[in-house]
Protein chains: 2
Amino acid sequence: MRIGELADKAGVSTRALRYYEEQGLLRSQRTSSSQRVYEESAADRVRLIQELYQAGLGSRLIVTLLPAIDAGEVGPELLTRLLDERAQIEAKAAVLQDAGRRLDMLIRLATHPDGQSCPSSLDQAVAQDSVSP
Amino acid sequence: MRIGELADKAGVSTRALRYYEEQGLLRSQRTSSSQRVYEESAADRVRLIQELYQAGLGSRLIVTLLPAIDAGEVGPELLTRLLDERAQIEAKAAVLQDAGRRLDMLIRLATHPDGQSCPSSLDQAVAQDSVSP
DNA sequence: CTTGCCCTTGACGTCAACGTCAAGTCCTAG
DNA sequence: CTAGGACTTGACGTTGACGTCAAGGGCAAG
């Protein structure tokens, strides 16, 4: 398949695909006239790349990550980086969940205008909420 | 306190503080010679702003989030926005958690180099993982 | 008074992950 | 054979959260 079809299947732009190749994330065969040709499996690979981007990883990390994923072997140095990134991701998720709970409290305040039962003590409510998921 | 001291206490640059003010995230008093003056509570506010940035939220979202968080009063119009942004936050958190599980898989692959049981099928593993938390 | 550090606004630089032309080439349908 | 869509490389534009000078003002110590 050529670049347009892959872009459709993977749900990204052709520009993105050329960029991935530029960054060493994606390879392609070429026809005699320099047109890129991909195998079917490329769509899955592109989706994987997208998900890693969505997770907030940068291309430099991804470019070292992908061969490790393919090989199924992760060296100790890369492992350290992964654990680090994992911790950062966890922290981000925690902050987001906390913000989400704060928003929930605000929303409840807005939809239950009973001004008395909830003395706008957001933090208490958040604390309560977090001990009983 | 002036801007340098606040920068130290909050662990950010003075440039960042001026940027926050520019974006409407942070206010300051001014001396007769235009120097910024902050109260002690500003450090906590800056740390909160930092955490929200760290979580991947943009200033436009934060600037609407902050007043809502510390006002405790939400009008119906803002409520709509909040519900919307709550959904976006949830989506982001979900992506992050999924990415975290993928990284866990990689890390397990790295720490359990048993090359046979996991033929690099990350997606399956993640799928398995998500049905049994 | 002057040295020296902190402050001011203004404006340009950066980096990532692309978007968006531009100008030319390739390929397929009719 | 030709029209028009898909493809090529090249290069500049964008957005966000600052970094980094630049040119000058403010102020306490010696």
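Predicted model only: the values in this text are computed from it and were never measured. (Residues numbered from 1 in each chain as written. Chains lettered and ligands numbered in written order. Predicted model: local features only at pLDDT ≥ 70, side-chain atom pairs only at ≥ 80, totals over all residues. Heavy atoms only, no water.)

**Student:** What am I meant to see in the protein's contact with DNA strand D here?
**Tutor:** A:G4, A:R18, A:R36, B:S13 and B:S59 are the nearest of the 21 residues found near DNA strand D. For DNA strand D, the fraction of protein-proximal atoms (within 4 Å) that sit in sugar or phosphate groups is 74%. Between B:R15 and DNA strand D, the recorded distance is 3.1 Å, taken from a side-chain N or O atom to a base oxygen. Residue assignment for the surface near DNA strand D shows that the elements contributing at least two residues are α1 (3–10) and α2 (14–22) of chain A together with α2 (14–22), α3 (41–54) and α4 (59–71) of chain B. The greatest single-element share of the surface near DNA strand D, amounting to four residues, is contributed by α2(B). Here the residues of the surface near DNA strand D sort into six nonpolar, eight polar and seven charged. (Near = heavy atom within 4 Å. Polar contact = N/O pair within 3.5 Å; in protein donor to acceptor, adjacent residues only side chain to side chain. Helix = DSSP H or I, 4+ residues; strand = E, 2+ residues; numbered from the N terminus. Nonpolar A, V, L, I, M, F, W, Y, C, P; charged D, E, K, R; others polar.)

**Student:** What exactly am I supposed to notice about the pattern of salt bridges here?
**Tutor:** When charged atoms on two side chains of opposite charge get close, those side chains can pair. Residues and elements named next belong to chain A. Going through the model one piece at a time under the given rule, you end up with ten salt bridges over all chains. When the shortest N-O distance is used, the salt bridge between E40 and K9 registers 3.1 Å. With a gap of 31 residues between them, E40 in the loop between β2 (36–37) and α3 (41–54) and K9 in helix α1 connect regions that are remote in the sequence. Overall, the relative accessible area of 54% leaves E40 in the exposed class. Under the relative-accessibility criterion, K9 is labelled partly exposed at 38%. (Salt bridge = Lys/Arg side-chain N within 4 Å of Asp/Glu carboxyl O. Buried < 20%, exposed > 50% of the residue type's maximum accessible area, 1.4 Å probe, protein only.)

**Student:** Looking at this model, I keep getting lost on helix α1 (residues 3–10) of chain B. Mind explaining?
**Tutor:** Because the α-helix completes a turn every 3.6 residues, residues three or four places apart line up on one side. Residues and elements named next belong to chain B. Restricting attention to buried positions, one finds in α1 the residues I3, L6, A7 and A10. The buried residues of α1 all sit within an arc of 105 degrees when viewed along its axis, so they share a single face. Packed against the buried residues of α1 are α2, β2 (36–37) and α3. Downstream of α1 by one or two residues, G11 has phi in the positive range, about 75 degrees. (Arc of directions from axis to C-beta. Contact = heavy atoms within 4.5 Å.)

**Student:** Whenever I open this one, α3(A) confuses me. Can you help?
**Tutor:** Residue and element names in this part refer to chain A. The end-to-end C-alpha separation of α3 is 20 Å, in line with the 20 Å expected for 14 residues at 1.5 Å each. Taken together, the buried positions of α3 are occupied by A42, A43, V46, L48, I49 and L52. Positive phi shows up at G56, right after α3, with a value of about 90 degrees. (Expected span 1.5 Å × (residues − 1).)

**Student:** Got a minute to help me understand the packing of α1(B) against α3(B) in this structure?
**Tutor:** When two helices pack together, their arrangement is given by the angle between their axes and by how far apart the axes lie. Residues and elements named next belong to chain B. Direction vectors running N to C along α1 and α3 enclose 55 degrees, while the axes themselves pass 9 Å from each other. Relative to α3, the element α1 is oriented oblique. Seen from above, α1 lies across α3 with right-handed handedness. Taken together, the residues of α3 that come into contact with α1 (itself represented by L6, K9 and A10) are A42, A43, V46 and R47. (Axes fitted to C-alpha atoms, helices over the stretch in contact; angles between N-to-C directions. Parallel < 35°, antiparallel > 145°, perpendicular 65-115°, else oblique. Left-handed = near helix turned anticlockwise from the far one by under 90°.)

**Student:** When you look at the protein's contact with DNA strand C in this model, what are you seeing that I'm missing?
**Tutor:** Within the structure, DNA strand C sits among 22 residues, and A:S13, A:S59, B:G4, B:R18 and B:R36 are positioned closest to it. Sugar plus phosphate: this is where 76% of the atoms of DNA strand C within 4 Å of the protein reside. In the model, a base oxygen of DNA strand C is placed 3.1 Å from a nitrogen or oxygen of the A:R15 side chain. One of the side-chain N or O atoms of A:Y20 is found 3.1 Å from a phosphate oxygen in DNA strand C. The dominant element in the surface near DNA strand C, judged by the number of residues it contributes, is α2(A), at four residues. Taken together, the residues that form the surface near DNA strand C break down as six nonpolar, nine polar and seven charged.

The values reported here are purely geometric and, on their own, carry no functional implication.
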